[in-house]
Amino acid sequence: MSAIDGVHGTLCNAQQYQQSLPLPNNSSPSISCLTHGQTIGLALTAEASFLSLASVIVVFSLIGRNIHRYRKVLPNGDWKLLNVPADVYMLSLFLFDALQALGGILDVRWAHTGIVTTGTYCTAQGIVQQTGELGAALITFILAIHTFVTALWRVGIQARGFAFGLVGLACVFTALWVGLGNGLHKNYEAPTPFWCWISSHYGPERLAGEYLWLWLALFASVIMYIPVYFWAEGRLSVDPEKWYNYPLAYSLAVLPVSIARWSQFSHKSVSSAATFFGVSMHNLSGIVNVLLFLAVRPQLLLFTPPEETIDPEIELARHSIRSAIPPDTTAYNHSPQATGKGLVNDSGKPSRNSATLSRVSSRSRSVYNDI
């Protein structure tokens, strides 16, 4: 059906258009009719989400490659995927970015049909999108606080258990809020009007379940960025940190959609073009986080080659052992003769190399026990 076949420039017939009109006792209809231009806007938001999801999938693929590489080089497992708090935060952020992007990709159905309706598909999109957006906001807020604290006081840098606890609390809160909202309320996810999200009937749930944390993360990111920026520039006596890039990127991605939604809260008219632009920027947060991660902190999540993580002293000891021990050392060590004398020189006196070889052999056993 083309736009000229619909009513008032939409892709709906007369009956569908009548059902989409808000009533005094029902401000959130179960159907929303889109114009041809709005379907194009939805296609753009879906494409932005696809780029974010594809970038996150690439990162997960690289992480899988890293795990395989570490297992091959360090088979005894002397490594951890989540070794520092930053690893925990970034992996969880990528997971929530993927969920947020998946929710945006589901817009393709509404762009294709030109009609947003309630139902299983609508509920699924609302749940996935709300989970991704709320989780990403919570993790970004935690990351901003972590950045500030570690940069100022240099504490919590190795608090991996504490990071697991914070991420776990964020996941539990997100699951409970989204699950209870859909379980206790009828038609909790509804057309809003270009996609499915929390119905306008539940304004407090919108505010406490997402907007509050979205804006809190934005506020914390901006406030924390200012001092950390000066520290990174060397204008204050604190070690430089580059973690401010992630909160800053989140701010740039969230600010346009925040302005549009805040204007709607103030009962101001917001064009659909402005809404689509803001949402598209927000949906690009996944690819922005991935690019910043690869450019700024590539040593996290095992992206440092395993060869570079091996202690140079240990590697030197390996080569020294192989070059210093003669081929018949094994036979000598397993000989029934006593070995307490050590090595002697041509005059029959103990050689100075005896103690050296003893230390090397001891180092050898230590090295291979650690690997």
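Right above here is the structure, for reference.
What counts and how
- Per chain, residue numbering runs from 1 following the sequence as it is written.
- In keeping with the model being predicted, local features are shown solely for residues with a pLDDT of at least 70 and side-chain atom pairs are shown and tallied solely at 80 or more, while totals for entire chains, interfaces and linings include all residues.
- Side-chain figures throughout are based on the complete set of non-hydrogen atoms in the structure, without hydrogens or water.
- Comment: elements are numbered from the N terminus, with helices defined as DSSP H or I runs of at least four residues and strands as E runs of at least two.
- By definition here, a helix of n residues has an expected span of 1.5 Å times n minus one.
- Working definition: with a 1.4 Å probe on protein chains only, accessible area under 20% of the residue-type maximum means buried, over 50% means exposed, and in between means partly exposed.
- Here, residues are in contact when the closest pair of their heavy atoms is within 4.5 Å.
- Cavities and pockets are defined on a 1 Å grid built over the protein atoms alone: a cavity is a set of grid points where a 1.4 Å probe fits but cannot escape, while a pocket is an open set with protein on both sides within 12 Å along at least five of seven lines, and lining residues are those with an atom within 4 Å of any such point.
- Grid points are joined across faces, edges and corners, and a volume is the space filled by probe spheres set on the points.
- Residues were grouped as follows: Ala, Val, Leu, Ile, Met, Phe, Trp, Tyr, Cys and Pro as nonpolar; Asp, Glu, Lys and Arg as charged; and all remaining residues, including Gly, as polar.
- In protein, a polar contact requires one atom able to donate a hydrogen and another able to accept it; more generally it is a pair of N or O atoms within 3.5 Å, and residues adjacent in sequence count only if both atoms are side-chain atoms.
- In these notes, a set of buried Ala, Val, Leu, Ile, Met, Phe, Trp, Tyr and Cys residues joined through side-chain atoms within 4.5 Å is what counts as a nonpolar core.
- Between the rings of Phe, Tyr and Trp (Trp by its six-membered ring), a pair exists once the centres lie within 6.5 Å; its type follows the angle of the planes, with under 30 degrees stacked, over 60 edge-to-face, and the other angles tilted.
- As a reminder, the over-ring test applies to NZ of lysine and CZ of arginine, requiring each to be within 6 Å of the ring centre and within 35 degrees of the ring normal.

> So what about helix 6 (residues 160-184)? Which residues, and what values?
Given 3.6 residues per turn, any residue in an α-helix points the same way as the ones three and four places further on. The end-to-end C-alpha distance of helix 6 is 36 Å, a good match for the 36 Å that 25 residues give at a rise of 1.5 Å each. Turning to helix 6, its buried residues number three or more, namely Ala163, Val167, Ala170, Thr174, Val178 and Gly181. The elements touched by buried residues of helix 6 are helix 3 (85-105) and helix 5 (120-153).

> Lay out the layout of surface pockets in plain terms, naming residues and giving numbers.
Considered as a void within the structure, the largest pocket measures approximately 880 Å³ in volume. Lining of the largest pocket is provided by 33 residues; of these, Thr192, Pro193, Ser200, Arg206 and Gln264 occupy positions nearest its centre. The residue makeup of the lining of the largest pocket, split by class, is 17 nonpolar, 13 polar and three charged.

> Lay out unusual backbone geometry in plain terms, naming residues and giving numbers.
Note on backbone geometry: most residues besides glycine have negative phi, and most peptide bonds are trans. Looking along the chain, the bond that leaves Thr192 and enters Pro193 is cis, with omega of -10 degrees. Looking at the secondary structure, you find Pro193 in the loop between strand 3 (189-191) and strand 4 (196-198).

> So, the side chain of Asp97: which residues are in play, and what are the values?
By secondary structure assignment, the location of Asp97 is in helix 3. A residue is classified by how much of its surface remains accessible, and Asp97, at 2% relative accessible area, is buried.

> Any details on the environment of Asn289? Residues and values, ideally.
Looking at where Asn289 falls in the secondary structure, it is placed in helix 10 (residues 285-296). Counting along the chain gives 237 residues from Asn289 to Ser52, while the straight-line C-alpha distance between them is 9.0 Å. Polar side-chain contacts of Asn289 include one of 2.9 Å to the side chain of Asp97.

> Run through the nonpolar core, naming residues and quoting values.
Counting 31 residues, the largest nonpolar core has Met90, Phe94, Ile139, Phe293, Leu300 and Leu301 as its most contacted members. Those elements giving two or more residues to this core turn out to be helix 2 (36-73), helix 3, helix 5, helix 6 and helix 10. With 11 residues, helix 3 is the largest single contributor of residues to this core. Ranked by size, the runner-up nonpolar core spans 18 residues in total, among them Leu34, Cys122, Tyr202 and Val279.

> Give me the packing of aromatic side chains: which residues, what numbers.
A complete count under the given rule lists 12 aromatic pairs for this structure. Aromatic rings pair up to connect Phe141, Phe173, Trp177 and Trp213 into one cluster. A cation over an aromatic ring shows up here: Arg109 above the ring of Tyr121, its NZ or CZ 4.6 Å from the ring centre.

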